[in-house]
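The chain contents come next:
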Amino acid sequence: MRKLINYQPLPLGRLLLGILPLLALLLVYLFASDARLSLNAADKLLPGFNVMGDAISRMAFQPSPRTGEYLLWSDTAASLLRLLCGVAISALLALALGLFTGALPVVRAVLAPLVTLFALVPPLAILPILFICFGLGEVSKVVLIVIGITPLITRDLQLQVQKIPREQLVKAQTLGAHSAQILWRVILPQLMPRLLDAVRLSLASAWLFLIAAEAIAATEGLGYRIFLMRRYLAMDVILPYVAWIALLAFLLDLLLRLISRRCWPWYHAK
Amino acid sequence: MPLLQLKNLEKHYGQQVVLERLNIEVEEGEFVAIVGASGCGKTTFLNMLLGTEAPSKGQLLLDGEPIPDEPDAHRGVVFQRYSVFPHLTVLGNVMLGDEFSSARWLGRVWGKKRRAIRQRAQAMLAQVGLELAQNKYPHQLSGGMQQRLALAQALMKQPRILLLDEPFGALDPGIRSEMHQLITRLWQQHNLTIFMITHDLKEGFSLASRLLVFDKLRHDPHAPEAWGATITYDLPLDRAQPSEPQVA
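The rules behind these values
Residues numbered from 1 in each chain as written. Chains lettered and ligands numbered in written order. Predicted model: local features only at pLDDT ≥ 70, side-chain atom pairs only at ≥ 80, totals over all residues. Helix = DSSP H or I, 4+ residues; strand = E, 2+ residues; numbered from the N terminus. Rg over C-alpha atoms; globule rule 2.2 N^0.38 Å. Buried ≥ 20, exposed ≤ 12 C-beta atoms within 10 Å, placed from the backbone. Contact = placed C-beta atoms within 7 Å. Nonpolar A, V, L, I, M, F, W, Y, C, P; charged D, E, K, R; others polar. Expected span 1.5 Å × (residues − 1). Arc of directions from axis to C-beta. UniProt positions renumbered as here; feature names shortened; annotations may be inferred. Core = buried A, V, L, I, M, F, W, Y, C linked by C-beta atoms within 7 Å. Axes fitted to C-alpha atoms, helices over the stretch in contact; angles between N-to-C directions. Parallel < 35°, antiparallel > 145°, perpendicular 65-115°, else oblique. Pairing = 2+ DSSP bridges. Left-handed = near helix turned anticlockwise from the far one by under 90°.

## With respect to the overall build of chain B
Here is step 1 of the chain: For chain B, the helix and strand inventory stands at 6 helices and 10 strands.
Here is step 2 of the chain: Computed over its C-alpha atoms, the radius of gyration of chain B comes to 19 Å, within 12% of the 18 Å expected for a compact globule of 248 residues.
Here is step 3 of the chain: Dimensions along the principal axes, computed over C-alpha positions, put chain B at roughly 65 × 40 × 35 Å.
Here is step 4 of the chain: Burial statistics for chain B: of 248 residues in total, 41% are counted as buried.
Here is step 5 of the chain: Of all intrachain contacts in chain B linking residues separated by at least 6 positions in sequence, the fraction that spans at least 24 positions is 70%.

## Observations regarding the interface of chain A and chain B
Here is step 1 of the chain: With 20 residues of chain A in contact, the opposing surface of chain B contributes 28 residues.
Here is step 2 of the chain: For the side of chain A that touches chain B, the secondary-structure elements that each account for two or more residues are helix H7 (166–174) and helix H8 (179–216) of chain A.
Here is step 3 of the chain: At 7 residues, H8 of chain A tops the list of elements feeding residues into the side of chain A that touches chain B.
Here is step 4 of the chain: Class assignment for the residues of the side of chain A that touches chain B results in 10 nonpolar, 6 polar and 4 charged.

## A short note on helix H3 (residues 111–127) of chain B
All names here are of chain B.
Here is step 1 of the chain: An ideal rise of 1.5 Å per residue puts 24 Å on 17 residues; H3 measures up with 25 Å between its terminal C-alpha atoms.
Here is step 2 of the chain: Among the residues of H3, Ile117, Ala121, Met124 and Leu125 are the ones counted as buried. With its buried residues spanning 100 degrees around the axis, H3 presents them on a single face. Counted as exposed and oriented over 90 degrees from the buried face of H3: Lys112, Arg115 and Gln119.
Here is step 3 of the chain: Where H3 terminates, the next one or two residues include glycine 129, which has phi positive at roughly 75 degrees.

## Things to note about the UniProt feature "transmembrane region" (unreviewed entry) in chain A
Residue and element names in this part refer to chain A.
Here is step 1 of the chain: The positions that UniProt labels "transmembrane region" (unreviewed entry) are, in the present scheme, residues 12–32, 80–99, 198–218 and 238–256.
Here is step 2 of the chain: A helix fraction of 100% and a strand fraction of 0% characterise residues 12–32, whose end C-alpha atoms lie 31 Å from each other.
Here is step 3 of the chain: Across residues 198–218, helical content stands at 90% and strand content at 0%; the span's end C-alpha atoms are separated by 28 Å.

## Quick look at helix H4 (residues 143–155) of chain B
Here is step 1 of the chain: Spanning 13 residues, H4 of chain B covers 19 Å between terminal C-alpha atoms, matching the ideal 18 Å at 1.5 Å per step.
Here is step 2 of the chain: Counting buried positions along H4 of chain B gives 10 out of 13 residues, so the element sits mostly inside the fold.
Here is step 3 of the chain: Burial in H4 of chain B covers these residues: Gln146, Gln147, Arg148, Leu149, Ala150, Leu151, Ala152, Gln153, Ala154 and Leu155 of chain B.
Here is step 4 of the chain: The inward-facing, buried residues of H4 of chain B abut H7 of chain A together with strand E6 (75–78), helix H2 (90–102), H3, strand E7 (161–165) and helix H5 (173–190) of chain B.

## Brief notes about the nonpolar core
Here is step 1 of the chain: Of all hydrophobic cores here, the largest spans 101 residues; its most connected members are Ile145 of chain A together with Ile34, Ala152 and Phe195 of chain B.
Here is step 2 of the chain: If one sorts the elements of this core by residue count, H8 of chain A sits on top with 13 residues.
Here is step 3 of the chain: Those residues within four positions of alanine 152 of chain B in sequence are excluded, and the remaining contacts are Val94, Met124, Leu125, Val128 and Leu130 of chain B.
Here is step 4 of the chain: Counting 10 residues, the second largest nonpolar core, distinct from the first, contains Ala55, Met59, Met235 and Val237 of chain A.

## Side note on unusual backbone geometry
Here is step 1 of the chain: The backbone of leucine 233 of chain A sits at a positive phi, close to 50 degrees, despite the residue not being glycine.
Here is step 2 of the chain: For leucine 233 of chain A, the position within the fold is in the loop between helix H9 (222–230) and helix H10 (235–263).

## Here we look at the UniProt feature "domain: ABC transmembrane type-1" (unreviewed entry) in chain A
Here is step 1 of the chain: Under the UniProt annotation, the feature "domain: ABC transmembrane type-1" (unreviewed entry) is placed at residues 76–260 of chain A.
Here is step 2 of the chain: End-to-end, the C-alpha atoms of residues 76–260 of chain A are 25 Å apart, and along that stretch the chain is 86% helix and 0% strand.

## Side note on the packing of H4 of chain B against H5 of chain B
Residue and element names in this part refer to chain B.
Here is step 1 of the chain: Interaxial distance between H4 and H5 falls to 11 Å at its minimum, and their mutual angle equals 10 degrees. Considered as vectors, H4 and H5 are oriented roughly parallel to each other. From H4, Gly144, Gln147, Arg148, Leu151 and Leu155 reach across to H5, where they touch Ile175, Glu178, Met179, Leu182, Leu186 and His190.
Here is step 2 of the chain: Its residues placed into classes, the contact of H4 with H5 shows 6 nonpolar, 3 polar and 2 charged.

## Considerations on the pairing of strand E1 (residues 4–13) of chain B
Residues and elements named next belong to chain B.
Here is step 1 of the chain: Judged from the 7 bridges that link them, E1 and strand E2 (residues 16–26) form a sheet pairing that is antiparallel. Its bridge partner being in E2, glutamine 5 is matched across the sheet by glutamate 25.
Here is step 2 of the chain: Once E1 ends, the chain turns through 2 residues before running back antiparallel as E2, passing glycine 14 with a positive phi of about 60 degrees.
Here is step 3 of the chain: Pairing of E1 with strand E4 (residues 57–62) involves 5 bridges; the strand directions are antiparallel. Note on E4: the bridge partner recorded for lysine 7 is glutamine 59.

## Looking at the environment of lysine 157 of chain B
Here is step 1 of the chain: Looking at the element boundaries, lysine 157 of chain B is found in the loop between H4 and E7.
Here is step 2 of the chain: Discounting residues that sit within four places of it in the chain, lysine 157 of chain B has contacts with Leu175 and Gly176 of chain A together with Ala73, Gly76 and Gly97 of chain B.

## What about the packing of H2 of chain B against H3 of chain B?
All names here are of chain B.
Here is step 1 of the chain: One can describe the packing of H2 onto H3 by two numbers: an axis separation of 9 Å at closest approach and a directional angle of 130 degrees. Between H2 and H3, the interaxial angle falls into the category oblique. Both H2 and H3 take part in a crossing whose hand is right-handed. For the pair formed by H2 and H3, the contact residues are Val90, Leu91, Val94, Met95, Asp98, Glu99 and Ser102 on the first element and Lys113, Ile117, Arg118, Arg120, Ala121, Met124 and Leu125 on the second.
Here is step 2 of the chain: The class makeup of the residues in the contact of H2 with H3 is 8 nonpolar, 1 polar and 5 charged.

Encoded structure:
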């Protein structure tokens, strides 16, 4: 028999193996839910799939009696807008900061301590400051995401720039390049796929900050809805919402991965 | 006037003397091979020629002027690795030098200018035998092809001096002899002045027109850092102005 360390499952087998624990989890839930519901048909803690289905169709396909909106979609739109604004602003800021602090020792000397300092402050601790400064509207939520993930991406990109072999920078100079040309033609293009990687990694934090900000002060959004529904113990809404957030996060990650593969094939071929 | 003059050139790192008493003159068109034991300062010497390290004492003159203390387009270089840009295609790599010089800010050109640069780059790629690989990325090339690409890239700038830091050290023997023929041909066609570091004494003898051996002459067992290496042999080889490319 082969050693376990050398045993590679076939591609299809690997897929099935991956689905196995998910199915097991689902089965456990069904059994537990069934057991509780047979004791008390009005139990709210582990609702059956039929109840969740009703809740989904109520949230997604029937206008809310109070506002006339389709809540799932208006919540999703509000949350995604905040998340994407925050992440896009962070990515641009971090790209500029990471590029210059990584490539130019002078800029690094000036800005690197500041970035490190910001990275050390827990972003949620300054959420009250943001609410005081920017009010309870959209700005403070976007700013929380920006403050939360920009330092992480910046530091990652700075390290990535410093990892570019010194030989390449010397070579570019022997081809007659000055500093700006090296930044623009040698370092920046090599940084772009790494930016997308860093953004993918920081998306999880971005979601965390978004949900936290929405939970505290918002009138719509996925996080707001989940925390609102908590008051009614409405697990039949909360569970599908959580699954929906996970799906959105997965799709965003997939989208970024596909963009990166399409735009920078050299990066993924190593 | 000789192209390059070294007058009592020395290099120290703190107390440690790495190179001392370097006195040679190199004429345009020479192919200088540099051999010596590991750690005797061959690469330090090359870095001084390149401008990434400054001499500690003495003078290093290019055309009678002190050599600039930053790398520039007068001195081309091919390292053992990492000489090409992974994010550009073969053609893009070779075009880059001309793009730098024709677009001051962006380092990128379009239209008629780009077509002219592309033609020149394609001609250069044909000289090193890479014309069929021009749309590939470096990671798709073998080690030998990557070094050909690095050579083509450097030659586009028509450097006064071409510096090679063990350029063929990582290649298979068969590929290496192909590269020897290529570098000999390029040396003659472009009338290059070449400095090549090599570990392979045979390679030095068969390729170069002049061989420099770096070694420590004096050694103090109580203070091993007190004396540095210098040029112990300066051998003119009979390939000074060969008319026929020789097979290495």
